[in-house]
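Okay, here's what each chain looks like letter by letter:
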Amino acid sequence: MTTPLDLGTFPTPLESAPRLAAALGLDQLWIKRDDLIGLGGGGNKARKLRFIGAEALAAGATTLITVGAPQSNHARATAAAAARLGLACVLVLSGHARTRPTGNLLLDTLAGAEIIWSGDRPAADVAAEEAAIRRNSFLIPLGGSSPTGVRAYAECAAELTQQAEFDRVVVALGSGATMAGLVAGLGAERVLGVDTGAVPDPDATVRALLPSDPGKLLIDQDQVGPGYATVTDPVRAALSLAARTEGLFLDPIYTGRAMAALAATATPGSRVVFLHSGGLPGLFGVDQPVLSA
């Protein structure tokens, strides 16, 4: 088992959010600030890349290849990790080239990543082809969701147990490894995953990443709205609430949905950790209004 790379400051802070807790009717609310990991804008993908990057180097990789949506946080973090490690980076993004790079896409380019657009083909297929023809390449799955990525969030679970006593962790559920790692470390009954619409079957996705049956997974599927890339009214309200009570900025696809779910399901008197998984650059890449009317 490889030793994770030094790609940030750990453990990440756990901050109390009393004004937001009061607004939600919670006894205690903490924010786990994984958005403050020092690599490339931070976020949960940066934590995973400490482990995945070590795995790639051990395999002799000189190029990292991964896939994602145009505003992929994982793609941005992979580009940053590759730059830090002196590796080449190829990002296969779904769809067609944008006329002007914004948000995460701008940062991908700034970090020197080579961007390939998959067009009408699945990005995973194009990435596999690129990995086959590029010598010493290391193919990272969507979102860094692999057993190695799960290990990163089992580490986060251990950090949390040292930082506070709490009833539940609320986390956005994308490609699955972040929730899976928390479940592995804390138990399924203490982790609420909020589906973002990134995968067709979030329950099966998380289960497939765990070595044994975790029991019933707690997954909120009420925040997807019309689809992954959309911004819903509950998310707009959640973005404003977090910003105006705590100066806490969230993104509209992941943490915004997670906060909307927390607002809808908060149990009075409970003690909750909200995992801030980053993604702020994506706020500047959406083509829909993010402010409530």
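Our structure is the block above this text.
Residues numbered from 1 in each chain as written. Predicted model: local features only at pLDDT ≥ 70, side-chain atom pairs only at ≥ 80, totals over all residues. Heavy atoms only, no water.

(A) Summary view of the environment of Thr109. By secondary structure assignment, the location of Thr109 is in helix α4 (residues 103–110). When the C-alpha atoms of Thr109 and Leu186 are compared, they prove to be 37 Å apart, with 77 residues separating the residues in sequence. A polar atom in the side chain of Thr109 sits 3.1 Å from the backbone oxygen of Leu105. (Helix = DSSP H or I, 4+ residues; strand = E, 2+ residues; numbered from the N terminus. Polar contact = N/O pair within 3.5 Å; in protein donor to acceptor, adjacent residues only side chain to side chain.)

(B) Molecular detail of the sheet that holds strand β3 (residues 63–68). Here four strands make up an open sheet; going across it, the order is β5-β4-β3-β6 and the pairing parallel. The open sheet has two edge strands with one neighbour each: β5 (114–117) and β6 (137–140). Geometrically, the sheet is characterised by an average inter-axis angle of 20° between neighbouring strands, direction not taken into account. Note: β3 against strand β4 (residues 88–93), six bridges, orientation parallel. Bridging from a neighbouring strand, Val67 pairs with Val92 of β4. Strand contacts of helix α3 (residues 73–85): β3, β4 and β6, with the helix running at about 170° to β4, the strand carrying the most contacts. Sheet strands in contact with α4 are β4 and β5, and its direction is about 130° off that of β5. (Pairing = 2+ DSSP bridges. Axes fitted to C-alpha atoms, helices over the stretch in contact; angles between N-to-C directions. Contact = heavy atoms within 4.5 Å.)

(C) Structural detail: the packing of aromatic side chains. Applying the stated rule across the entire model yields one aromatic pair. Over the aromatic face of Tyr153 sits the side chain of Arg47, whose NZ or CZ is 5.3 Å from the ring centroid. We note Arg190 situated over the ring of Phe166; from NZ or CZ to the ring centre the distance is 4.5 Å. (Phe/Tyr/Trp six-rings, centres within 6.5 Å; stacked < 30°, edge-to-face > 60°. Lys NZ or Arg CZ within 6 Å of the ring centre and 35° of its normal.)

(D) Local environment of the pattern of salt bridges. In this structure the tally under the stated criterion is 15 salt bridges. Linking Asp167 and Arg271 is a salt bridge whose minimum nitrogen-to-oxygen distance equals 3.0 Å. With Asp167 in the loop between α6 (147–163) and β7 (168–173) and Arg271 in strand β10 (residues 271–276), the pair connects residues that are 104 residues apart, well separated along the chain. Between Arg207 and Asp203 there is a salt bridge, with its nearest N and O atoms 2.6 Å apart. Of the two residues, Arg207 and Asp203 both sit in helix α8 (residues 202–208), four residues apart, roughly one turn of that helix. Judged by its relative accessible area of 28%, Arg207 falls in the partly exposed class. Asp203 gets classed as partly exposed once you look at its relative accessible area, which sits at 26%. One network of salt bridges, with partners in common, ties together Lys32, Asp34, Arg47, Arg50, Glu155 and Glu159. (Salt bridge = Lys/Arg side-chain N within 4 Å of Asp/Glu carboxyl O. Buried < 20%, exposed > 50% of the residue type's maximum accessible area, 1.4 Å probe, protein only.)

Such coordinate-based values are descriptive only and should not be taken to indicate function.
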